[in-house]
Amino acid sequence: MDLRPWLRIRRSGGDAWKASLIVVLILVISAFHFLTSTEHRYLHEIYQRTYYIPILLAAFWYGPVIGVAAAFGVSAIYWIHIRMDWLQAPVYSFNQYAEIILYHAVALTIGILAFRERIQRRRLEETSTELAEAYQRLQTTFEQLRRADRLAALGELSAGIAHEIRNPLGSIKGSIEILESEISEGHPKHEFIEIIKEETSRLNGLVQEFLEFARPPRPSIAAASLNDLIGGTISLVAKEAEQSGIQISEELDQTMPPLSLDSDQIRQVLLNVLLNAIQAMDRGGQLSIRTHYEGWNNRAVVEVSDTGPGVAPDQLEHIFDPFFSTKSNGTGLGLSISHQLVENHGGRIIAVSNPDRGLTLRIELPA
């Protein structure tokens with residue numbers, strides 16, 4: 001019988017009071033034996049059977065090895081008692097020696113049964129844990145499938161709407177350009193021409209976001225420096241951050257190896273994430289960008305943290321859903337597009353609430 005699993009179980013318990021109780025019971029019962037006169041044989045018969053209590057406890061709590069050891073200790077003390085007080089009664093002495101044999105048999109039997117019960121319970125606990133983990137993975141996969149199905153449907157709808165809107169926008173843009181050439185800048189109606197041009201440009205940008213969400217292009221993979229991409233993207237948003245009273249800090253891992261990625265797409269991801277953080281801090285704050293290389297899983301990690309109001313826990317899981325936005329004028333497509341682009345690179349992007357305030361977006365890319 002392999003007792004190593006049992007010994008591991010017992011070491012993990014370490015209940016000193018149990019061992020103390022067993023020792024105290026043996027000593028107390030033995031004291032009664034030695035202090036009680038042999039004239040009260042019926043009391044000695046009670047005491048010798050009371051020895052089963054610490055033996056059973058030792059076998060049940062600690063297994064067959066400790067149970068037999070407890071029986072051996074009881075037998076040694078009881079054998080001394082027999083030699084001192086019962087040699088004049090050979091028949092009774094024989095019964096007492098037989099009782100010693102039963103001590104060991106009971107300890108071994110109960111210890112083995114307890115050992116098997118503990119092992120079986122441990123296996124059931126491990127199986128229960130594995131089933132819980134499998135259920136969690138199944139739930140995660142199911143949610144991913146639901147999200148993928150929802151994204152596919154929204155993508156088709158977005159592509160159709162964007163295509164239908166883009167053609168009239170082209171006609172509007174061409175017509176405005178013709179009118180602009182006929183109306184001088186000093187004309188009182190020239191201001192309306194500029195408004196129409198700005199709004200048309202804004203609508204065209206929105207349509208472009210819909211198309212990028214509906215049909216993200218396949219990444220064109222090439223070697224690139226992630227730190228250089230971050231530095232270039234920060235320079236693009238530095239002016240807007242300064243105007244909003246936001247300080248930008250960098251902590252870039254200089255040991256980061258070159259990555260195989262689509263520079264334009266990852267730059268777009270970084271730009272979306274940085275702008276989202278800046279827009280979340282409308283009253284100033286701190287924007288932190290950190291990179292590090294995780295060699296154990298061969299991943300490059302970018303963490304973008306802000307000190308904005310953050311996102312409610314019940315909304316955090318929807319932050320990458322299309323059309324979900326906590327901003328009144330947001331389209332809810334920037335982070336959703338970023339999520340798609342990162343996944344197309346074999347990576348992942350997750351959102352985590354900061355302990356004090358704000359949000360951290362963690363981007364993981366295969367190195």
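Provided above is the structure to which this section pertains.
These numbers come from a predicted model, not from an experiment. (Residues numbered from 1 in each chain as written. Predicted model: local features only at pLDDT ≥ 70, side-chain atom pairs only at ≥ 80, totals over all residues. Heavy atoms only, no water.)

1. Looking at the sheet that holds strand β6 (residues 348–353)
- Read from one edge to the other, the open sheet built from five strands follows the order β2-β4-β5-β7-β6, with strand pairing classed as mixed. A single partner strand is all that each edge strand has here, and the edge strands are β2 (246–251) and β6. Across the sheet, the mean angle from the axis of one strand to that of its neighbour is 15°, orientation sign disregarded.
- Direction of pairing for strand β5 (residues 299–305) relative to strand β7 (residues 359–366): antiparallel, over a ladder of seven bridges. Among the inter-strand pairings, Val 301 is bridged to a residue of β7, identified as Glu 364.
- Contacting β2, β4 (285–294), β5 and β7, helix α8 (residues 226–243) crosses the sheet at an angle of about 170° to β2. (Pairing = 2+ DSSP bridges. Helix = DSSP H or I, 4+ residues; strand = E, 2+ residues; numbered from the N terminus. Axes fitted to C-alpha atoms, helices over the stretch in contact; angles between N-to-C directions. Contact = heavy atoms within 4.5 Å.)

2. What about the pattern of salt bridges?
- Taken as a whole, this structure holds eight salt bridges when the rule is applied.
- Linking Arg 348 and Glu 364 is a salt bridge whose minimum nitrogen-to-oxygen distance equals 3.1 Å. One end of the pair, Arg 348, is in strand β6; the other, Glu 364, is in strand β7, and 16 residues separate them in sequence.
- Arg 348 gets classed as partly exposed once you look at its relative accessible area, which sits at 41%.
- When its relative accessible area of 6% is taken as the criterion, Glu 364 is described as buried.
- What emerges from the salt-bridge pattern is a single network uniting Arg 290, Glu 294, Glu 303, Arg 348, Arg 362 and Glu 364. (Salt bridge = Lys/Arg side-chain N within 4 Å of Asp/Glu carboxyl O. Buried < 20%, exposed > 50% of the residue type's maximum accessible area, 1.4 Å probe, protein only.)

3. Considerations on the pairing of β5
- Most of β5 sits inside the fold, with six of its seven residues counted as buried.
- Relative to β5, β4 is paired through seven bridges, and the arrangement is antiparallel. By the bridge assignment for β5, Ile 289 is matched with Val 304.
- Connecting β4 to the antiparallel partner β5 that follows it, the hairpin turn spans four residues, and Asn 298 within it adopts a positive phi of roughly 55°.

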